[in-house]
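# Remarks on the overall topology
This is what each chain is made of:
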Amino acid sequence: MGEIKDFECTYDNSAGISSEVTGGLGLEFPDAYMHQETMSRLSKALKEHDGASFCELPFCHTVEAEALGGIINYGNDKTGPRAKEYICNSPEELLKLPEIDFSQGRIHEVLLVCKALREQGEHVVLQVSGPFTILNVLIDARYVFKGMRKKPELMKEVFWKLGNEILKFMKEAQDYGADMISYADSSGGVNILGPKMAGQVVEDFTYEFLKKARAELGKETLLLLCPKTTFALLGTGKAVLSDVSLTGPMEYGKACAEVIGKVDLVGQMCIKNVHYTLENGKIKEVKLL
Amino acid sequence: MAKSKEELLAKLAECVVEMEEEEAEETAREYLEAGYPAFDGIMHGLVEGMNKASQLYEDEEYFVTDVLLCSDAMYAGLDVLRPHLPEEGEAKKKGVIGVVEGDTHDIGKNLVKIMMETAGFDMIDLGRDVPLQKFVDTAREQNAELICMSTLMTTTMGGMETVIHLLEEEQLRDKVKVMIGGGPISQKYADKIGADGYSQNAVEAVKLAKRLLSIA
């Protein structure tokens, strides 16, 4: 097995929600984060502000966790929704959480926005969180790490419980028109877990999960990986990169849109780095082995 | 046969390094029952173990998750030994620590807190998603000499600068050193907002705090 490299998040990219973006929209916060119509306006404003070629959704990493029962602080015009307090104290409690009901709540509104934006001709990148990011809302991270060390089989069950919900979310999003889905789990990066545990997560979960996601989504929806996940796959020998020619040099977001239907998986750059340009006119496909 | 003090101290340290929380607790009890002083048990047993864990972290043999579990073992032992400490002598340097408002990623912050406490600082942990004014209020109320802030998110970094401005407005800036860290933070950013220092990880944070407060 090779070495898992880390991809360092930087701040020279989309800054997300800020008063610069929200000012002048006449929206009420945090109400705007909860309803289809306002989320749609917010997503478009963010796209415009960043000069991006696509709309991003949602504006936080709490939607999945909330749908599983997590308690959320909805934030304001400066900062988006985030976790409020933990609802679980053990892996056993996590396993008892209910399945997600996609027909109600904020997660349903997010799906409706996907549909509305696509109908308006926008490319939509739905940002889906991985298990560590979801767990960050539900339980203190130390219980997760302790579980991974002392009860690895139980934690594997937890990952798959969440993984199956994420797969359903991706499929729903596809049905609602999302043409790009990004998958990120930066809370479970090698910088936090260390190489051994990060490798174990790929073996126990990520690799199989992404294979299933690809099989479920088919060609019509492109899956974008956070580079931390890409590096974890490459470092564990579970994937390789392969160059795919574009019509010319272009920004990464535009390149992703161009290869929808032609490529299954990309992930060489953070999608929030909106002006990252592929000068050589090639994008790297991530091929699962 | 009863174990010697040295054996028990070594065992306490080992429990921390090996992340054995329950064993650390049991060994701490055994140590007290044998009549040895709590202070030595903490400093030459538990803290010694945590220092070894820090070294392993610095050598990249241990990672964040390992150190957090080591600290669980240390705190389990501390809970047993601490009530048996004599009245405190010299006051410890106080620091306020927290994740800035808007962000809930607290793994790094917890790690810095653990390392700072191990190094002898009295850390007041405000937790995560901390209202910016609270850093300043707590520093003033507790006479803290240090504020440590972290964030993993680009959207909340600006809060750190706000805290510095709030300290200036309340004429506290000269009395409190400000240290920052977290995923998107850099020395460049620290310089830009006028923080006293940036550290890349928890071990460096302790060195920086000592340097800023002129502690040998």
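What counts and what doesn't
- In this numbering scheme, every chain counts its residues from 1 along its sequence in written order.
- The order in which chains are written sets their letters, starting at A; the order in which ligands are written sets their numbers, starting at 1.
- In keeping with the predicted nature of the model, local features appear solely for residues at pLDDT of at least 70, side-chain atom pairs appear and are counted solely at 80 or more, and the whole-chain, interface and lining totals rest on all residues.
- In DSSP terms, a helix is any run of H or I states spanning at least four residues, a strand is any run of E spanning at least two, and both are numbered starting from the N terminus.
- Based on C-alpha atoms, the radius of gyration is set beside the globule rule, defined as 2.2 Å times the residue count to the power 0.38.
- Exposed residues have 12 or fewer other C-beta atoms within 10 Å of their own C-beta, buried residues have 20 or more, and residues in between are partly exposed; the C-beta atoms are placed from the backbone.
- C-beta atoms are first placed from the backbone for all residues, and any pair lying within 7 Å is then listed as a contact.
- Here the nonpolar group is Ala, Val, Leu, Ile, Met, Phe, Trp, Tyr, Cys and Pro; Asp, Glu, Lys and Arg are the charged ones; every other residue, Gly included, is treated as polar.
- UniProt positions are given in the numbering used here, feature names are shortened, and annotations may be inferred rather than shown by experiment.
- Just so you know, the domain bounds were taken from an automatic or database domain assignment.
- For two strands to be treated as a pair, DSSP must find at least two bridges joining them.
- Lines are fitted to the C-alpha atoms to define the axes, a helix being fitted only along its stretch in contact, and any angle between axes, read from their N-to-C directions, falls within 0 to 180 degrees.
- Helix span, expected: 1.5 Å multiplied by one less than the number of residues in the helix.
- Per-residue confidence from the predictor is reported as pLDDT, which spans 0 to 100.
- The directions considered for the arc run from the helix axis to the C-beta atoms.
- By definition, any crossing whose near helix is turned counterclockwise from its far helix by less than a right angle is left-handed, and any crossing with a clockwise turn is right-handed.
- One nonpolar core equals one set of buried Ala, Val, Leu, Ile, Met, Phe, Trp, Tyr and Cys residues connected by C-beta atoms within 7 Å.

Per an unreviewed UniProt entry, chain B goes by Corrinoid protein of di/trimethylamine methyltransferase and derives from Faecalicatena orotica.

Labelled according to an unreviewed UniProt entry, chain A appears under the name Uroporphyrinogen decarboxylase, originating from Faecalicatena orotica.

### Here's the deal with the overall build of chain A
Across its full length, chain A carries 11 helices and 11 strands. At 18 Å, chain A has a C-alpha radius of gyration in line with the 19 Å of a compact globule built from 289 residues. Its C-alpha atoms put chain A at 50 × 45 × 35 Å along the principal axes. Out of the 289 residues belonging to chain A, those deemed buried represent 51%.

### A word on unusual backbone geometry
With an omega dihedral of 5°, the bond running from F29(A) to P30(A) counts as a cis peptide bond. Inspection of the secondary structure assignment puts P30(A) in the loop between α1 (19-22) and α2 (36-50). L57(A) connects to P58(A) through a cis peptide bond whose omega is -20°. The residue P58(A) is located in the loop between β1 (55-57) and α3 (63-67) in this model. Even without being a glycine, Q171(B) presents a positive backbone phi close to 50°. Within the fold, Q171(B) resides in the loop between α7 (158-169) and β4 (177-181).

### Concerning the interface of chain B and chain A
Every contact between the two is made by 20 residues of chain B and, on the other side, 22 residues of chain A. Broken down by element, the side of chain B that touches chain A gets its largest block of residues, 6 residues, from helix α4 (residues 64-81) of chain B. Among the residues making up the side of chain B that touches chain A, the classes are represented as 7 nonpolar, 8 polar and 5 charged.

### Looking at the UniProt feature "domain: Uroporphyrinogen decarboxylase (URO-D)" (unreviewed entry) in chain A
In the UniProt entry, the feature "domain: Uroporphyrinogen decarboxylase (URO-D)" (unreviewed entry) is given for residues 27-267 of chain A. From the first C-alpha to the last, residues 27-267 of chain A spans 34 Å; its make-up is 52% helix and 14% strand.

### What about the domain arrangement of chain B?
Residues and elements named next belong to chain B. Domains assigned within chain B are domain 1 (5-84) and domain 2 (94-212). Facing 10 residues of domain 1, the contacting portion of domain 2 comprises 7 residues. The set of elements that each furnish at least two residues to the side of domain 1 that touches domain 2 consists of α3 (38-58) and α4. With 6 residues, the top contributor of residues to the side of domain 1 that touches domain 2 is α3. Looking at the side of domain 1 that touches domain 2 residue by residue, the class counts come to 6 nonpolar, 3 polar and 1 charged.

### Overview of the sheet that holds strand β5 (residues 197-198) of chain B
All names here are of chain B. Read from one edge of the open sheet, 5 strands run β2-β1-β3-β4-β5, paired in parallel fashion. Either end of the sheet is taken by a strand with one partner, and the two such strands are β2 (122-125) and β5. Two strands pair when backbone bridges link them, and β4 and β5 are joined in this way by 2 bridges, in the parallel orientation. Within the sheet, the bridge partner assigned to I180 lies in β5 and is Y198. In the packing of helix α5 (residues 107-118) onto the sheet, contacts are made with β1 (94-99), β2, β3 (146-150) and β4, and the angle to β1 comes to roughly 165°.

### Here's the deal with the UniProt feature "domain: B12-binding" (unreviewed entry) in chain B
The UniProt record annotates "domain: B12-binding" (unreviewed entry) at residues 92-216 of chain B. A distance of 14 Å separates the end C-alpha atoms of residues 92-216 of chain B, which is 42% helix and 18% strand.

### Thoughts on the pairing of β1(B)
All names here are of chain B. Counting buried positions over the 6 residues of β1 gives 5, a clear majority of the element. By the bridge criterion, 5 bridges tie β1 to β3 in an arrangement that is parallel. When the sheet's bridge partners are listed, I97 is paired in β3 with C148.

### Topic: helix α1 (residues 5-17) of chain B
Residues and elements named next belong to chain B. Taking 1.5 Å as the rise per residue, α1 with 13 residues should run 18 Å; its terminal C-alpha atoms sit 18 Å apart, in good agreement. Three or more residues of α1 are buried, namely L8, L9, K11, L12, A13, C15, V16 and V17. Close packing links the buried residues of α1 with α2 (21-33), α3 and α4. Directly after α1, the chain includes M19, whose backbone phi takes a positive value near 65°.

### Details of the confidence of the model for chain B
Looking at chain B as a whole, its pLDDT mean stands at 92, while 99% of the residues score no less than 70. In the model output, the complex is listed with pTM 0.84 alongside ipTM 0.73.

### Considering α2(A)
Residue and element names in this part refer to chain A. Taking 1.5 Å per residue, 15 residues should reach 21 Å; α2 reaches 21 Å between its end C-alpha atoms and fits that length. Within α2 the residues assigned to the buried category are M39, S40, L42, S43, L46 and K47. Angularly, the buried residues of α2 cover 165° about the axis, an arc narrow enough to put them on a single face. Buried-residue contacts for α2 involve α1, β1 and α5 (105-119).

### Some details on the packing of α1(B) against α3(B)
Relative placement of two packed helices is described by the angle separating their axes and the distance separating the axes. Residue and element names in this part refer to chain B. Relative to each other, α1 and α3 sit at 35°, their axes nearing to 7 Å. Handedness of the α1/α3 crossing: right-handed. Contacts between α1 and α3 involve L9, L12, A13, E14, C15, V16 and V17 on the former and, on the latter, D40, G41, H44, G45, L46, E48, G49, M50, K52 and A53. Here the contact of α1 with α3 is built from residues that sort into 9 nonpolar, 4 polar and 4 charged.

### Let's talk about the nonpolar core
Of all hydrophobic cores here, the largest spans 163 residues; its most connected members are C114(A), V16(B) and I147(B). When residues are assigned to domains, this core turns out to be shared by domain 1 (5-84) and domain 2 (94-212) of chain B, each giving three or more. Setting aside anything within four residues of it in sequence, one finds V16(B) in contact with A24(B), L46(B), G49(B), M50(B), A53(B), C70(B), A73(B) and M74(B).

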